[in-house]
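Structural overview for review
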Amino acid sequence: MSLMSLKNLTVLRGSCPVVDHVSLEIGPGECIGLIGPNGAGKTTMLRAALGLLPHQGQSSLATLTPRARARAAAFLPQGREIAWPVSAADLVALGRTAWGETADPAHPAVLAALARMGISAFTARAATELSGGEQARALIARALAQDTPLLIADEPGAGLDPEAQIRMMQVFASLAREGRSVLASVHDLGLAARHCTRLIVMARGRLVADGPVGAVLQDALIEEVFGIRAYRAETPEGLVFQPLEVLR
Ligand SMILES: Nc1ncnc2c1ncn2[C@@H]1O[C@H](COP(=O)(O)OP(=O)(O)OP(=O)(O)O)[C@@H](O)[C@H]1O
């Protein structure tokens, strides 16, 4: 079963392809890190895949009706603005509207999402009065409450402290073990190495690597794509990957 299929997805900015013939399939049970340097095309690719940007090629999600798409994939965009002073619980409950339900803050999926992101203590507070990191966690919880087979998240760890980042990656990995899938753009290669089942690498609009974490995070690729050298060790707890220095 495919949760998302891209075939030659291409996005032009003027005459320049910022996403260039990207093809990939996402099946159930995958925790996928989308990595690549600034400007590689990650955000553009995610938004085009969701049908939010004009594109060439095919995306299985882009052809769905908005209602069907909201039930197939939750999306956490890079911009994190919360405009209304609704309670954190009500904000998270908005994730349920994808299913034609009223936003019930006592819905089990809402309570589970709040607990998973460690923000059950803030539920009554206006979301606009949460700290930046707490707001980010509430928005991730809203996407989790949507309870979709696929979660697409654009830099979900931005602004989170180390505990919240690890907790978030553990949640994503546990979703994958439950048979759902996550596609998240991440800049922290160490977190990606530790928690993802698969890495997709973009550079200059192209998909340059796609596979199991250990196979993708090879010295030559890291050097070429990111221009850095990294420490890498297989440990009983899995792959440890630490960027060390700039090479160019
Ligand atoms: N509206 C736009 N008009 C023209 N160029 C754009 C526009 N939006 C993005 N770009 C360009 O497209 C390229 C890809 O941008 P994108 O935001 O997808 O990169 P990214 O991989 O998500 O980067 P980052 O890691 O910095 O968030 C960049 O060169 C960017 O400057």
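Keep in mind that this is a model prediction, so the values were computed, not measured.

Here we take up helix 4 (residues 108-116). Looking only at helix 4, the buried set comprises Ala 109, Val 110, Ala 113 and Leu 114. The arc enclosing the buried residues of helix 4, seen along the axis, measures out at 135 degrees, which places them on a common side. Next to the buried residues of helix 4 lie helix 3 (88-93) and helix 5 (132-145).

Now for the sheet that holds strand 4 (residues 56-59). Spatially, the three strands line up as an open sheet ordered 2-1-4, and their pairing is antiparallel. Two strands lie at the open edges of the sheet, namely strand 2 (16-26) and strand 4, each paired on one side alone. Here the strands of the sheet are splayed against their neighbours by 15 degrees on average, with no regard to which way each runs. Packing of helix 1 (residues 42-49) onto the sheet brings it into contact with strand 1 (4-13), strand 2 and strand 4, and relative to strand 1 it is tilted by some 120 degrees.

So, about the UniProt feature "domain: ABC transporter" (unreviewed entry) in the protein chain. Mapped onto the present numbering, the UniProt feature "domain: ABC transporter" (unreviewed entry) falls on residues 4-229. Along residues 4-229, the helical share is 35% and the strand share 26%, with 33 Å between the first and last C-alpha atoms.

This paragraph deals with the nonpolar core. Residues Phe 172 and Leu 217 are the most contacted members of the largest nonpolar core, which totals 59 residues. Per-element tally for this core: the top contributor is helix 5, with eight residues. Beyond its immediate stretch of four places on either side in the chain, Phe 172 contacts Cys 31, Ile 140, Leu 151, Pro 156, Val 182 and Ala 184. Counting 26 residues, the second largest nonpolar core, distinct from the first, contains Ile 26, Met 45, Leu 46 and Leu 150.

This next bit is on the environment of Ala 230. Along the chain, Ala 230 turns up in strand 10 (residues 228-235). Distance from Ala 230 to Phe 241, taken between C-alpha atoms, is 6.8 Å for residues 11 residues apart in sequence. Those residues in contact with Ala 230, other than ones at most four positions away along the chain, are Phe 241, Gln 242, Pro 243 and Leu 244.

Our focus in this paragraph is the site of the ligand. Among the 13 residues in the neighbourhood of the ligand, the closest are listed as Gly 39, Gly 41, Lys 42, Thr 43 and Thr 44. Measuring from an oxygen atom of the ligand, one finds a side-chain N or O atom of Lys 42 at 2.8 Å. For the ligand, whose unbound accessible area comes to 640 Å², protein coverage reaches 58%. If one sorts the elements of the shell around the ligand by residue count, helix 1 sits on top with three residues. Class assignment for the residues of the shell around the ligand results in three nonpolar, seven polar and three charged.

Conventions used here
Counting restarts for each chain, with residues numbered from 1 along the sequence as it is written. In view of the model being predicted, local features appear only for residues whose pLDDT reaches at least 70, and side-chain atom pairs are presented and counted only at 80 or more, with totals across whole chains, interfaces and linings using the full set of residues. Where side-chain values are given, they derive from all heavy atoms of the structure, hydrogens and water being excluded. Only protein chains enter the accessibility calculation, which uses a 1.4 Å probe. A residue is then buried if its area is under 20% of the maximum for its type, exposed if over 50%, and partly exposed in between. Helix and strand definitions follow DSSP, with helices as H or I runs of at least four residues and strands as E runs of at least two, each counted in order from the N terminus. The arc under discussion is defined with respect to the helix axis, by the directions toward the C-beta atoms. By definition, residues are in contact when any of their heavy atoms lie within 4.5 Å. When DSSP finds two or more bridges between two strands, those strands count as paired. Axes here refer to lines fitted to C-alpha atoms; in helices the fit is confined to the stretch in contact. Angles between the N-to-C directions go from 0 to 180 degrees. UniProt positions are given in the numbering used here, feature names are shortened, and annotations may be inferred rather than shown by experiment. The term nonpolar core refers to a set of buried residues drawn from Ala, Val, Leu, Ile, Met, Phe, Trp, Tyr and Cys, joined through side-chain atoms within 4.5 Å. We call a residue near a given molecule or strand whenever any one of its heavy atoms falls within 4 Å of it. In protein, a polar contact means a hydrogen-donor-capable atom and an acceptor-capable atom, both N or O and within 3.5 Å, with residues adjacent in sequence counting only if both atoms are side-chain atoms; elsewhere, any N or O pair within 3.5 Å suffices. All accessible areas in this document rest on Shrake-Rupley with a 1.4 Å probe, and a residue is counted as covered only by the protein chains that are shown. Lys, Arg, Asp and Glu make up the charged group, whereas Ala, Val, Leu, Ile, Met, Phe, Trp, Tyr, Cys and Pro make up the nonpolar group; the residues left over, Gly among them, are polar.

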